[in-house]
Amino acid sequence: QVETLKAKLLEQAQEISRLRSELGGTDAEKHRDLLAAENERLRQEMKACEGELRELQRQQQAPCRDCPHLQENAVLQEQLSQLQREAEEARAKLVELDLEVQQKTNRLAEVELRLKDSLAERAEEEERLSRRLRDSQETIASLKSQPQQIKYIIKTVEVESAKAKQALCETQSRNQYLQEQVGMQKQVLKEMEQQLQSSQKTEAQLRAQIMMYEAELERAHGQMLEEMQAMEEEKNHAIEEAFSRAQVEMKAVHENLAGVRTNLLTLQPALRTLTHDYNSLKRQVRDFPLLLQETLRSARAEISQAIEEVHSTNRELLRKYRRELQLRKKCHNELVRLKGNIRVFGRVRPITKEDGEGPEAANAVTFDADDDAVLYLLHKGKQVSFELDKVFPPQASQEEVFQEVQALVTSCIDGYNVCIFAYGQTGAGKTYTMEGTAANPGINQRALQLLFSEVRGKAADWDYAITVSAAEIYNEALRDLLGKEPQEKLEIKLCPDGSGQLYVPGLTEFRVQSVEDINKVFEFGHVKRVTECTNLNEHSSRSHALLIVTVRGLDRSTGLRTTGKLNLVDLAGSERVGRSGAEGSRLREAQHINKSLSALGDVIYALRSRQGHVPFRNSKLTYLLQDSLSGDSKTLMMVQVSPAEKNTSETLCSLKFAERVRSVELGPVSRKAELGSWPSQEHLEVIKTLLGDSPGSAAPAGRGHASPSPGQLSSRSASIRRKLQTSG
Ligand code: ADP
Ligand code: MG
């Protein structure tokens, strides 16, 4: 029993040490320390969080100055996320702490439970021990009553029980100590619980703060989100705008592209053909120089050949042309000659103020619309018609009149003598036609101008000298209008060289080379005439005024000389003064005028009718103009008439005179005589050409009056006439 009791005691001691180690204050103390450290750390973290939060708030309040929104946004977002992370961490730590607190509470409850258990066990043990003690005391009492052995046992037991008692005491003291310790622990626990409670309170506070921060954060986050939203919207809007703009542009570009594409499509075949063409052209270009040289050679040859041909053709043509020209000229001259070298024109002046008014100034002259050679005069209620070579109506200009005359004028360059007479009653326009006005010059000035220009055109081969003389025939006396002695009467004499030519010794000749020279000459003559008479109009109408232009030419290559004379005559008035009972000088004047005009008429009539005898000598005028009227000279009679009713009887006379001169037909007898007087070889050549005669059949030479066989010539002449009539 002692042994078992010992074992049990040991067991008890072990149990106690175990319990002690279990209940050892070290664990609880450690836990408490840990919690305190944790608490401290949390507090510090909280402080750091607060600092950060303050910083954040300050940053939020601080106005954004320089950083762009996007960067700030990014920074803010980062900060937010960091804060969120930190909050998350803090929350996790809080949860951890919660868990730890929970665990600790659990462990505390466990420890309490165990403490209760161990207390209960101890009470049980105490009871058991006390029960055993009682049992042992009973056993001891029973043993005391037993023999020696028992006495011994009792003794040992007594010894041992003392020891046991001591141990028990010790155990009890120890127990006491332990209980004290438990009480202390309980105290500590209580303190710790209090601490826990305060730390829970702090935790709650912290939680509330965290929540506040979180709300704040949430708000900031919301704001930020809003801002971000707005910015996003702005960005989206801008993007949309840019997109739509880009779309529009894209569309246009697409359209362009489509156009270009179609163009390209259409261009492709063209390009292909072009490429083809280009290649072929390239080939051609490569071969071109050779080809060109070849072609050039052949072309040059051809061209030179063609040029040669053209040259020869040209030469031939020129030769033919010259021949034709000569022939034409000859034919023309012959035609003119056969028609008569004398042409009769009529010119009707317009009605002027001088004609007055009323029936006396009425127009009595009309024209034929289809025939410019016919003129009708209403005389005493009867219409009389006249046919001339050409009739100029009142509206005909000086220019038009001159155009009809200029062929005659130029022929004097070729050596022909020409006479142009202005015939008609005073006031019918003779002076107007011959002299004209300064603004609108007449035949005189125009003729000289034409001669100048023609001579200039021939200056390459010919030398020409143009001289002018001006004379007047009054009362059958010839006077020099350009001479120093105008009153001196000049004589007409035969040239002493036996050529039969006439000349006027002492007649002044001025050489003229320009229009200015002519004007000077005209003025000079005019002044002379004015100073010599008291009434120029009266005087001029009673005298014949002559402008004699002589053109002398020398062909430098052949030495051939030609002389042509152009006689421009403003005749005296043709009115019949003598019949109206004039006397004295008036009568004498009238008689002279009548005589000279009728002599002129007779001469022209005789010439035109090819009479053998031409009465040149019947007047000074015809005698002076003899060589300009005869032969192959050309004569133009411009019959001037007034259309006024009061002048009809004079007009009738003038027109009758004109018609009488013109109507002369070529008669066979006169023709014979005239043909005998044909002067030049030229005419015979022409006749030969026209008749187709063999050369040398008839060749009278020179200007002489050598007469070929009359019969021969008359038959030829008749045949020429027939030919001309049939050829129209
Ligand atoms: P004549 O010399 O025959 O006596 P004029 O030449 O002196 O006649 O003419 C008489 C008037 O009639 C002048 O005033 C002249 O200007 C004018 N006259 C003559 N013919 C024409 C005409 N064709 N056109 C215009 N006026 C003319
Ligand atoms: Mg006159």
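Analysis parameters
- Residues numbered from 1 in each chain as written.
- Chains lettered and ligands numbered in written order.
- Predicted model: local features only at pLDDT ≥ 70, side-chain atom pairs only at ≥ 80, totals over all residues.
- Heavy atoms only, no water.
- UniProt positions renumbered as here; feature names shortened; annotations may be inferred.
- Helix = DSSP H or I, 4+ residues; strand = E, 2+ residues; numbered from the N terminus.
- Contact = heavy atoms within 4.5 Å.
- Core = buried A, V, L, I, M, F, W, Y, C linked by side-chain atoms within 4.5 Å.
- Buried < 20%, exposed > 50% of the residue type's maximum accessible area, 1.4 Å probe, protein only.
- Phe/Tyr/Trp six-rings, centres within 6.5 Å; stacked < 30°, edge-to-face > 60°.
- Lys NZ or Arg CZ within 6 Å of the ring centre and 35° of its normal.
- pLDDT = per-residue confidence, 0-100.
- Salt bridge = Lys/Arg side-chain N within 4 Å of Asp/Glu carboxyl O.

Under an unreviewed UniProt entry, the name given to the protein is Kinesin-like protein, and the source organism is Sylvietta virens. In its Function (unreviewed entry) section, the UniProt record describing the protein reads: "Minus-end microtubule-dependent motor protein. Involved in apically targeted transport. Required for zonula adherens maintenance."

### Quick look at the side chain of N175
In this structure, N175 sits in helix 4 (residues 148–339). Among all residues touching N175, those that are not within four sequence positions of it are R122 and E126.

### Quick word on the nonpolar core
Ranked by internal contacts, the top residues of the largest apolar core, which has 47 residues, are F421, L621 and M637. Membership of the second largest hydrophobic core comes to 38 residues, among which are L451, V549, V551 and L566.

### Regarding the packing of aromatic side chains
Two aromatic rings, taken as a pair, are described by how far apart their centres are and by the angle between their planes. Applying the stated criterion across every chain, the model contains four aromatic pairs. Ring centres 5.5 Å apart and planes at 15° place the aromatic pair W462 and Y464 in the stacked group. Over the ring of W462 we find K458, and its NZ or CZ is 5.9 Å from the ring centre. The ring of Y605 carries R660 above its face, with NZ or CZ at 5.4 Å from the centroid.

### Description of the confidence of the model for the protein
Across the protein, the average pLDDT comes to 81, with 84% of residues at or above 70. Within the model, pLDDT remains below 50 along residues 665–728, and this stretch shows 72 contacts once partners closer than five positions in the same chain are excluded.

### Section: the pattern of salt bridges
One pass over the full model with this rule turns up 29 salt bridges. Measuring nitrogen to oxygen at the nearest pair gives 2.7 Å for the salt bridge that ties K390 to D372. Note that K390 is positioned in strand 5 (residues 390–392) and D372 in the loop between strand 2 (365–367) and strand 3 (374–379), a separation of 18 residues in sequence. For D627, the salt bridge is made with K565, and the minimal N-O distance between the two is 3.9 Å. Taken together, the residues D627 in helix 12 (residues 626–629) and K565 in strand 14 (residues 561–570) connect sequence positions 62 residues apart. Looking at K565, the relative accessible area reads 23%, which means it is partly exposed. Through salt bridges with shared partners, a single ionic network connects E38, R41, E45 and K93.

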